[in-house]
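Now for the letters of each chain:
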Amino acid sequence: MMDFSRADFEAAVADALDTVPPDLTAMMDNVVILVEDDAPADDPELLGLYEGVPLTERDLGWAAGSLPDRITIYRNPTLAICDTRDDVVEEVAVTVVHEIAHHFGIDDERLHELGWD
């Protein structure tokens, strides 16, 4: 696995978020983006995970007392599949967009159709 510090990885996630159009980030609601070193034990190769209720499935009473949705980007699985620093930055950007899309209710099948594998 390549040497890419936690701080560098968090900066790559922040940079990826900066590339998301402001109109889109303005619509994101009650969601936090986190970095973890390792993916869940039941899916150790997972690069990112969206946990929550997509915006398309929320009703008017949803937000009262609801915890924020979570987007987690996993550092070690990402580093394991990347050969260069540029690869890491690119993979993080794709993963961040992928998980934000889930927040907006876009499923994996539609992301695949759009070329976001």
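Treat the numbers as computed from the prediction; the structure is a model and nothing was measured. (Residues numbered from 1 in each chain as written. Predicted model: local features only at pLDDT ≥ 70, side-chain atom pairs only at ≥ 80, totals over all residues. Heavy atoms only, no water.)

> Help me understand the side chain of histidine 98 in this model?
For histidine 98, the location among the structural elements is in helix H4 (residues 85-103). For histidine 98, the side chain forms a polar contact with the side chain of aspartate 108, separated by 2.8 Å. (Helix = DSSP H or I, 4+ residues; strand = E, 2+ residues; numbered from the N terminus. Polar contact = N/O pair within 3.5 Å; in protein donor to acceptor, adjacent residues only side chain to side chain.)

> Honestly, the environment of valine 88 in this entry has me stumped. Any pointers?
Mapped onto the elements, valine 88 comes out in helix H4. Leave out the neighbours within four places in its chain, and valine 88 touches Met2, Phe4, Phe9, Leu79 and Cys82. (Contact = heavy atoms within 4.5 Å.)

> Explanation requested: the pattern of salt bridges in the structure shown.
Two side chains carrying opposite charge are able to pair once their charged atoms lie near each other. Counted by the stated rule, this structure contains 6 salt bridges. Taking the shortest distance from any N to any O, the salt bridge between aspartate 8 and arginine 85 comes out at 2.9 Å. Residue aspartate 8 is found in helix H1 (residues 6-18), and its partner arginine 85 is found in helix H4; the two are separated by 77 residues along the sequence. Classification of aspartate 8 as partly exposed rests on a relative accessible area of 32%. Judged by relative accessible area, arginine 85 falls into the partly exposed class, the value being 42%. Its salt-bridge partner being glutamate 51, residue arginine 70 comes within 3.4 Å of it at the nearest N-O pair. Linking arginine 70 in strand S3 (residues 69-74) with glutamate 51 in strand S2 (residues 48-51), this pair joins segments that are 19 residues apart in sequence. A single salt-bridge network, built from bridges that share partners, covers Arg6, Glu10, Asp37 and Arg75. (Salt bridge = Lys/Arg side-chain N within 4 Å of Asp/Glu carboxyl O. Buried < 20%, exposed > 50% of the residue type's maximum accessible area, 1.4 Å probe, protein only.)

> Can you walk me through the side chain of arginine 75 in this structure?
The residue arginine 75 is located in helix H3 (residues 75-81) in this model. For arginine 75, the side chain forms a polar contact with the main-chain oxygen of phenylalanine 4, separated by 2.6 Å. The contacts of arginine 75, once residues within four sequence positions are left out, are Phe4, Ser5, Arg6, Phe9, Glu36 and Asp37.

> I'm lost on the nonpolar core in this one. Help?
In globular proteins that are soluble, nonpolar side chains generally tend to be buried together. Within the largest apolar cluster, 19 residues are counted, with the highest numbers of intra-cluster contacts made by Phe9, Val13, Val88, Val92, Val96 and Ile100. Listed by contribution, the elements that provide at least two residues to this core are H1, S3 and H4. (Core = buried A, V, L, I, M, F, W, Y, C linked by side-chain atoms within 4.5 Å.)

> For this particular structure, what's the right way to read H1?
Residues three or four positions apart in an α-helix share a direction because the helix packs 3.6 residues into each turn. Taking 1.5 Å of rise per residue, the 13 residues of H1 would be expected to cover 18 Å, and the 18 Å separating its terminal C-alpha atoms lies within 8% of that figure. Residues Phe9, Ala12, Val13 and Ala16 constitute the buried set of H1. Buried residues of H1 fall within an arc of 100 degrees about the axis and therefore sit on the same side. Of the exposed residues in H1, the ones pointing more than 90 degrees away from its buried face are Ala7 and Asp18. Buried positions along H1 lie against strand S1 (31-36), S3, H3 and H4. (Expected span 1.5 Å × (residues − 1). Arc of directions from axis to C-beta.)

> So what exactly am I meant to see when it comes to the environment of leucine 34 here?
Mapping leucine 34 onto the fold places it in strand S1. Remark: the alpha-carbon pair of leucine 34 and threonine 72, spanning 38 residues in sequence, is separated by 4.7 Å. Leaving out residues up to four positions away in the same chain, leucine 34 has contacts with Arg70, Ile71, Thr72 and Ile73.

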